[in-house]
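# Breakdown of the fold
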Amino acid sequence: EVIPYDPTRKIDEVEVFSTFLAIEGRQDGLTQLWTVGVTGAGVVDPATFKRVEFPEAMYECALSTNKVYETTAVRVYYSSLTTPDMWQDYDVVTGEFRLVKQKECLNFDSDAYVCKRAWAKADDGTMVPMSMVHRKDVDIDGPAPTPTMLYAYGSYGVCIDPCFHRMILPYLDRGMLYVIAHIRGGGEMGRYWYEEQGKYLNKRNTFSDFINCAEHLVDTGVTAPEKLAIEGRSAGGLLMGAVLNMRPDLFKIAISGVPFVD
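Residues numbered from 1 in each chain as written. Predicted model: local features only at pLDDT ≥ 70, side-chain atom pairs only at ≥ 80, totals over all residues. Heavy atoms only, no water.

The next subject is the overall build of the protein. Counting its regular elements, the protein contains four helices and 14 strands. Over its C-alpha trace the protein gives a radius of gyration of 20 Å, about what one expects of a compact globule, namely 18 Å for 262 residues. Taken along its principal axes, the extent of the C-alpha atoms in the protein is 65 × 45 × 30 Å. Within the protein, the proportion of its 262 residues that are buried is 51%. Long-range contacts, defined as pairs at least 24 residues apart, comprise 57% of the intrachain contacts of the protein with a sequence gap of at least 6. (Helix = DSSP H or I, 4+ residues; strand = E, 2+ residues; numbered from the N terminus. Rg over C-alpha atoms; globule rule 2.2 N^0.38 Å. Buried < 20%, exposed > 50% of the residue type's maximum accessible area, 1.4 Å probe, protein only. Contact = heavy atoms within 4.5 Å.)

This is the structure:
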């Protein structure tokens, strides 16, 4: 056994180097990277298994293109709701990152924004994660409800990770809060989030989870129904059709992109 089985961890890819393995997967609702050392005899040392630590609480990461076998560095992709796409070399010995390239986003100052995670309780008690981002000068805990855009997909095990999206900046710069609801039907919390919790007779969880996320934002005073817009595309349009019929009182505006509602 190289890496002990963990039901909360999903492994998607493994890359082999001369002195270590680099592993890409998912845990705690986020994409993750791990490394584990290989001895001179080519034997993996489980005691060296560790997760690559990133500076932000929410992000998207992945293994990038690695064509050198004899190296202590692995090239990784990284992005967050406040950090444009970047590629770095991670040294598995020192734990240090070296920036290789970062996409430009004109007139964007990452220090002007803040992202955070929140959790909504579903009808069955399951905790559903949400990724939130807004300008620092917008007080979402203030007395007035904050105009909010709540987005989700929730189908096929597809993950909507908290990576950088230029298209939401016009929302943020107009004082809005942007929220991604990582509802069941997607795969953010692992394969079971879809296979066991979000399809067939459990597909209703996708819709009720989204409603619970909206209710959490309203109940905590972040926003109000008259200030709450929602969006979903394709299978996310199916979500829009369902939640609008279930709770028409909860949302002010809905954007249904190429929706599956026929």
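Okay, the environment of Val-128 next. Following the sequence through the fold, Val-128 ends up in strand E10 (residues 127-135). Linking Val-128 and Cys-213, residues 85 residues apart in sequence, is a C-alpha distance of 7.5 Å. Ignoring sequence-local partners within four residues, the contact set of Val-128 consists of Ala-118, Trp-119, Ala-120, Ala-122, His-182, Ile-183, Trp-193, Asp-209 and Cys-213.

We now examine the pairing of strand E8 (residues 97-102). Bridge analysis of strand E7 (residues 83-91) against E8 gives five bridges, and the strand direction is antiparallel. Pairing of Tyr-90 across the sheet is with Phe-97, part of E8. A loop of five residues connects E7 with E8, the two strands running antiparallel in sequence, and Gly-95 in this loop sits at a positive phi of about 75°. (Pairing = 2+ DSSP bridges.)

Bringing the packing of aromatic side chains into the picture now. One pass over the full model with this rule turns up 14 aromatic pairs. Taken together, Phe-54, Tyr-59, Tyr-78, Tyr-90 and Phe-97 form an aromatic cluster joined through their ring pairs. Note that Arg-9 overlies the ring of Trp-34, its terminal NZ or CZ placed 5.7 Å from the centroid. The aromatic ring of Trp-87 is capped on one face by Lys-101, whose charged end is 5.9 Å from the ring centroid. (Phe/Tyr/Trp six-rings, centres within 6.5 Å; stacked < 30°, edge-to-face > 60°. Lys NZ or Arg CZ within 6 Å of the ring centre and 35° of its normal.)

Ranked by size, the top nonpolar core spans 31 residues in total, and within it Leu-150 and Phe-210 carry the most contacts. Sorting elements by how many residues they give to this core places helix H3 (residues 204-219) first, with six residues. Ignoring sequence-local partners within four residues, the contact set of Leu-150 consists of Val-179, Ala-181, Phe-210, Ala-214, Leu-217, Leu-228, Ala-229, Ile-230 and Glu-231. Counting 20 residues, the second largest nonpolar core, distinct from the first, contains Met-58, Cys-105, Phe-108 and Ala-229. (Core = buried A, V, L, I, M, F, W, Y, C linked by side-chain atoms within 4.5 Å.)

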